[in-house]
Amino acid sequence: MTLSSVKERGTETAMVSRRQFLKSLCLFSCTAPFVSGLLGSTGSDPLAPFTRKARYYEKLPGRRVRCTLCPRECRVGNRERGYCGVRENRDGEYYTLVYGNPCSLGIDPIEKKPFFHFLPGTGAFSLSTAGCNMNCRYCQNWEISQSRPENVRWQSLFPKDAVKEAQRRQCRSILGTYAEPTVFFEYMLAIAREARQQGLKSAIVSAGFTRKEPMEEFLKALDAVKIDLKSFDDEFYRKICVGERAPVLETLKTIRKSEVWLEIVYLVVPTLNDSMDKIKEMCQWIKKELGSDVPLHFTRFHPIYKLKNLPSTPVATLQKARNAAMAEGLHYVYTGNVPGDPGENTYCHHCRKPVIERAGFMIKKIHLIKGKCPYCKERIPGVWEG
Ligand code: SF4
């Protein structure tokens with residue numbers, strides 16, 4: 001069964017056909033992304049249409065503010081911005097500058113995120129603004145994550161229109177992804193709320209370096225979250241990502257306590273976070289704190305940005321990590337960025353038969369029946385319809 005004709009046996013779902021999906025990809029790439037007309041062309045404050053009062057901050061003396069959106073808690077002077085570059089203090093009030101001006105738009109297979117237990121075989125309307133609250137030395141999207149909003153080409157797309165566009169493109173979900181959706185919190189939150197009203201699912205792909213209160217508010221509106229767990233080592237977070245590990249682990253626990261679907265990705269970077277002892281320690285923590293059913297993806301690193309000196313991750317390392325995680329008791333462990341590897345498939349953890357077969361980002365066949373293994377009837381955790 002191809003991507004197009006994904007059905008659950010006994011529960012035929014209204015999926016986009018392969019032809020429709022590809023047509024929509026083509027249409028989108030021809031018309032929507034990277035519209036440049038607004039760049040520097042709307043007067044002295046080109047970001048004015050996208051400026052909204054920030055949701056999380058405290059006022060400090062002397063017209064200063066403290067941002068309380070992420071663990072950096074930037075203290076920001078008047079007319080200055082926080083570390084992420086998308087929040088600005090204007091006379092003692094704090095503003096987001098990225099409400100409705102995405103600089104990256106696309107329709108991706110949901111498997112690309114990767115989500116493997118969330119609406120498999122469907123298209124995800126994906127967007128991002130500029131800015132990030134970390135600076136990973138291997139960031140794949142550093143051109144936007146490390147830019148300020150006025151330095152990228154954006155398209156005006158407010159939440160209602162974004163959801164309408166996603167539906168028009170026959171996507172089943174709308175995602176904040178590419179850079180860091182928690183720094184465009186207000187925009188993504190409004191999109192998620194609108195999506196729910198219109199019967200569309202929403203999700204974010206995040207590093208999880210966020211404070212608890214905003215994340216809890218986010219979780220009330222979202223249907224799924226994918227967290228990039230960068231490493232299980234504090235020093236890696238500090239030196240390679242300019243972040244911290246502890247708040248990310250707290251975010252993972254907060255998500256798991258909610259109703260929102262969670263998957264975790266671990267990009268295995270040769271020599272930096274590929275210690276099997278550390279990977280085993282991480283898997284033990286995941287099993288204890290989050291449970292065995294949270295899918296874990298070990299994905300392949302390729303040299304990029306500031307880590308061009310390192311080789312790609314050997315496939316054998318990914319397979320070793322996957323085997324180690326399963327030996328620690330995790331049920332759904334994957335290899336990623338290795339098309340054709342058997343570790344891309346979903347296997348029923350009870351009878352070990354394949355229940356979803358994949359090739360790269362494409363679905364080859366879904367065997368599930370109403371979210372259950374067709375062979376042994378075990379329930380496979382995930383969001384299979386919607
Ligand atoms: S969200 Fe941005 S401004 Fe706020 S604390 Fe984090 S890095 Fe600083």
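Quick note: structure is the one above.
Residues numbered from 1 in each chain as written. Predicted model: local features only at pLDDT ≥ 70, side-chain atom pairs only at ≥ 80, totals over all residues. Heavy atoms only, no water.

The helix and strand tally for the protein stands at nine helices and 17 strands. Counting over 386 residues, the protein shows a buried share of 59%. Here the contacts in the protein between residues at least 6 apart in sequence split such that 68% fall between residues at least 24 apart. Surface summary for the protein: the accessible area is close to 15900 Å², and the carbon and sulfur share equals 49%. (Helix = DSSP H or I, 4+ residues; strand = E, 2+ residues; numbered from the N terminus. Buried < 20%, exposed > 50% of the residue type's maximum accessible area, 1.4 Å probe, protein only. Contact = heavy atoms within 4.5 Å. Areas by Shrake-Rupley, 256 points an atom, 1.4 Å probe, with all protein chains shown as cover.)

A word on the packing of helix 5 (residues 212-221) against helix 7 (residues 246-257). Remark: helix 5 packs on helix 7, axes separated minimally by 10 Å, with the N-to-C direction vectors making an angle of 30°. Considering their axes alone, helix 5 and helix 7 lie roughly parallel with respect to each other. Relative to helix 7, helix 5 is oriented so that their crossing is right-handed. On the side of helix 5, the interface is formed by K212, M215, E216 and L219, while helix 7 contributes T251, T254 and I255. Considering only residue class, the contact of helix 5 with helix 7 consists of three nonpolar, two polar and two charged. (Axes fitted to C-alpha atoms, helices over the stretch in contact; angles between N-to-C directions. Parallel < 35°, antiparallel > 145°, perpendicular 65-115°, else oblique. Left-handed = near helix turned anticlockwise from the far one by under 90°. Nonpolar A, V, L, I, M, F, W, Y, C, P; charged D, E, K, R; others polar.)

Moving on, we come to the site of the ligand. Every residue near the ligand is listed here: C67, L69, C70, R72, E73, C74, G82, Y83, C84, Y94 and N133. Here the ligand is seated within the largest cavity. Its residues placed into classes, the shell around the ligand shows seven nonpolar, two polar and two charged. (Near = heavy atom within 4 Å. 1 Å grid on protein atoms, 1.4 Å probe; cavity = no way out; pocket = protein on both sides within 12 Å on 5 of 7 lines; lining within 4 Å. Sits in = over half its atoms within 2 Å of the grid points.)

Turning to helix 5, a few remarks are in order. Along helix 5, the residues classified as buried are P214, M215, E217, F218, L219 and A221. In this structure, the buried side of helix 5 is in contact with helix 4 (185-197), strand 10 (201-206), strand 11 (224-228) and helix 7.

On to the environment of S202, then. For S202, the position within the fold is in strand 10. Among the residues examined, S202 registers a relative accessible area of 0% and is labelled buried. Among all residues touching S202, those that are not within four sequence positions of it are F118, I174, A192, A195, A221, L222, D223 and A224.

Tallied over the full model, the rule gives three cavities of 30 Å³ or more. Size it by volume and the largest cavity reaches roughly 100 Å³. As for the largest cavity, its lining consists of 14 residues, of which C67, L69, C70, C84 and N133 are closest to the centre. Of the residues belonging to the lining of the largest cavity, the class tally is eight nonpolar, three polar and three charged. (Points joined across faces, edges and corners; volume = space filled by probe spheres on them.)

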